[in-house]
Amino acid sequence: MQLFSGLHYLVLAGRASWDDVGAALGDEAGFLREWVGTERVQTNEPRRCWWLVPCFLEVARRTGCDAFDCVELGCSAGLNLLWDRYGYAYRAASVGGGPPVFSGAERGRAVPVGPLPVVRSRVGVDLAPPDLRTDEGVMLLKSFVWAGQEQRLRDLDAAIEVWRRDPPEIVTGDLVEELPRLLERRSDGAVLLVWETAALGYLTEERRDRARDLLSEAECVFVRTGRPRDGSHDYYGLYVDDDEVAHAEFHGAWIEWTA
């Protein structure tokens, strides 16, 4: 993935062409070597919000609270922190505003939806968040979208426009080290909602266990992706705390609500 993202970055920058990958591998060998060795994966896929929102609504139903203080772990540029500013189309109803308006396929029964909760605060943490005020930051995110997936790229552009109107707060740092401070942000009258989409999978087992211990000791609700209970490698299991509530395609194409 790192090599293909580096090639995509070069194509987006006008320094290479998919019509002659061999030439790019030779002419840009130094750049690609450094990219593969140093650049972290930045899959900030805003369409994932389409299946995150039903999980967040499940949190609201379980807690009886319609106001959230939001924390995202491994937030990349923070596009998913703006989930309440997008629109969503589901079989049962459309919710939110937009544009953009995200949609997908609902497998099985209709996903239960309702009005979006209020976001009272939002913050993310990432080791190296791209700066979407710059062309370089935008190209970095786009480079990790497979070439030819034009709808994903259009969705990314639309979400970036929302981001630029009012960027979220992002802490640059290690999520395990920053987590204790982030977990102190809960305020009275709101649920502290913490989530991640695949970020913990990039940690060592020891550090992943440390993050989970901190979360289990905190007064928060944790929404995450992970291996589904059926053991499949073909899609995510979506979890609210330890309860699997859905299966979902990795980048937001479909959801199967199971709760």
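One structure accompanies this document, and this report is about it.

Scoring rules and cut-offs
- Residues numbered from 1 in each chain as written.
- Predicted model: local features only at pLDDT ≥ 70, side-chain atom pairs only at ≥ 80, totals over all residues.
- Heavy atoms only, no water.
- Helix = DSSP H or I, 4+ residues; strand = E, 2+ residues; numbered from the N terminus.
- Rg over C-alpha atoms; globule rule 2.2 N^0.38 Å.
- Buried < 20%, exposed > 50% of the residue type's maximum accessible area, 1.4 Å probe, protein only.
- Areas by Shrake-Rupley, 256 points an atom, 1.4 Å probe, with all protein chains shown as cover.
- Lys, Arg positive; Asp, Glu negative; His and termini not counted.
- Charge placed at Lys NZ, Arg CZ, Asp CG, Glu CD.
- Contact = heavy atoms within 4.5 Å.
- Polar contact = N/O pair within 3.5 Å; in protein donor to acceptor, adjacent residues only side chain to side chain.
- Phe/Tyr/Trp six-rings, centres within 6.5 Å; stacked < 30°, edge-to-face > 60°.
- 1 Å grid on protein atoms, 1.4 Å probe; cavity = no way out; pocket = protein on both sides within 12 Å on 5 of 7 lines; lining within 4 Å.
- Points joined across faces, edges and corners; volume = space filled by probe spheres on them.
- Nonpolar A, V, L, I, M, F, W, Y, C, P; charged D, E, K, R; others polar.
- Salt bridge = Lys/Arg side-chain N within 4 Å of Asp/Glu carboxyl O.
- Pairing = 2+ DSSP bridges.
- Axes fitted to C-alpha atoms, helices over the stretch in contact; angles between N-to-C directions.

**Things to note about the overall build of the protein**
Here comes step 1: Across its full length, the protein holds eight helices and twelve strands.
Here comes step 2: Radius of gyration (C-alpha) of the protein: 19 Å, near the 18 Å computed for a compact globule of 259 residues.
Here comes step 3: The buried share of the protein, reckoned over its 259 residues, is 52%.
Here comes step 4: Accessible surface for the protein amounts to roughly 11800 Å². Of this, 47% is attributable to carbon and sulfur atoms.
Here comes step 5: Computed over 29 positive and 43 negative side-chain charges, the separation of the two mean positions in the protein equals 3 Å.

**Some details on the environment of Tyr236**
Here comes step 1: Tracing the backbone through its elements, the reader meets Tyr236 in strand E10 (residues 236-240).
Here comes step 2: Here Tyr236 falls in the buried class, since its relative accessible area comes to 12%.
Here comes step 3: Distance from Tyr236 to Glu249, taken between C-alpha atoms, is 6.3 Å for residues 13 residues apart in sequence.
Here comes step 4: Sequence-distant contacts of Tyr236, defined by excluding residues within four places in its chain, comprise Arg48, Trp51, Ala198, Thr225, Gly226, Pro228, Ala246, His247, Ala248 and Phe250.
Here comes step 5: Looking at Tyr236, its side chain comes within polar contact range of the side chain of Arg48, at 3.5 Å.

**Regarding the packing of aromatic side chains**
Here comes step 1: Scanning the model with the defined rule gives 15 aromatic pairs in all.
Here comes step 2: Consider the rings of Tyr9 and Phe31, whose centres lie 5.8 Å apart with planes at 25°: the pair is stacked. In this pair, Tyr9 is assigned in helix H1 (residues 2-12) and Phe31 in helix H3 (residues 29-38), connecting sequence segments 22 residues apart.
Here comes step 3: Note on Phe56 and Trp195: the rings are 4.9 Å apart at their centroids and 50° apart in plane angle, and the pair reads as tilted.

**Focus: empty space enclosed by the protein**
Here comes step 1: Scanning the entire structure with this criterion turns up one cavity of 30 Å³ or more.
Here comes step 2: One number sums up the size of the largest cavity: a volume of about 50 Å³.
Here comes step 3: Gln42, Thr43, Asn44, Glu45, Pro46, Leu141, Phe144, Val145, Arg152 and Leu156 are the residues that line the largest cavity.
Here comes step 4: By residue class, the composition of the lining of the largest cavity is five nonpolar, three polar and two charged.

**Remarks on the layout of surface pockets**
Here comes step 1: Counted as a void, the largest pocket has a volume near 1000 Å³.
Here comes step 2: Surrounding the largest pocket, 44 residues form its lining, Ala198, Ala199, Leu200, Gly201 and Tyr202 being those nearest its centre.
Here comes step 3: Those elements that place two or more of their residues in the lining of the largest pocket are strand E6 (118-126), helix H8 (205-217) and strand E9 (221-226).
Here comes step 4: Class assignment for the residues of the lining of the largest pocket results in 16 nonpolar, 16 polar and twelve charged.

**Re the pattern of salt bridges**
Here comes step 1: In this structure the tally under the stated criterion is 13 salt bridges.
Here comes step 2: For Arg47, the salt bridge goes to Asp155, with nearest N and O atoms at 3.3 Å. Remark: Asp155 occurs in helix H6 (residues 150-165) and Arg47 occurs in the loop between H3 and helix H4 (49-63); sequence separation between them is 108 residues. Like Asp155, Arg47 is buried.

**Things to note about the sheet that holds strand E7 (residues 169-172)**
Here comes step 1: One open sheet holds the nine strands; their spatial order is E5-E12-E11-E10-E9-E8-E1-E6-E7, and the pairing between them is mixed. Of all strands in the sheet, those with a lone pairing partner are strand E5 (105-107) and E7, marking the two edges. The sheet shows a mean angle of 25° between the axes of neighbouring strands, direction not considered.
Here comes step 2: For strand E8 (residues 191-196) and E9, the ladder comprises four bridges, and the chain directions are parallel. Bridge assignment links Leu193 to a residue of E9, and that residue is Val221.

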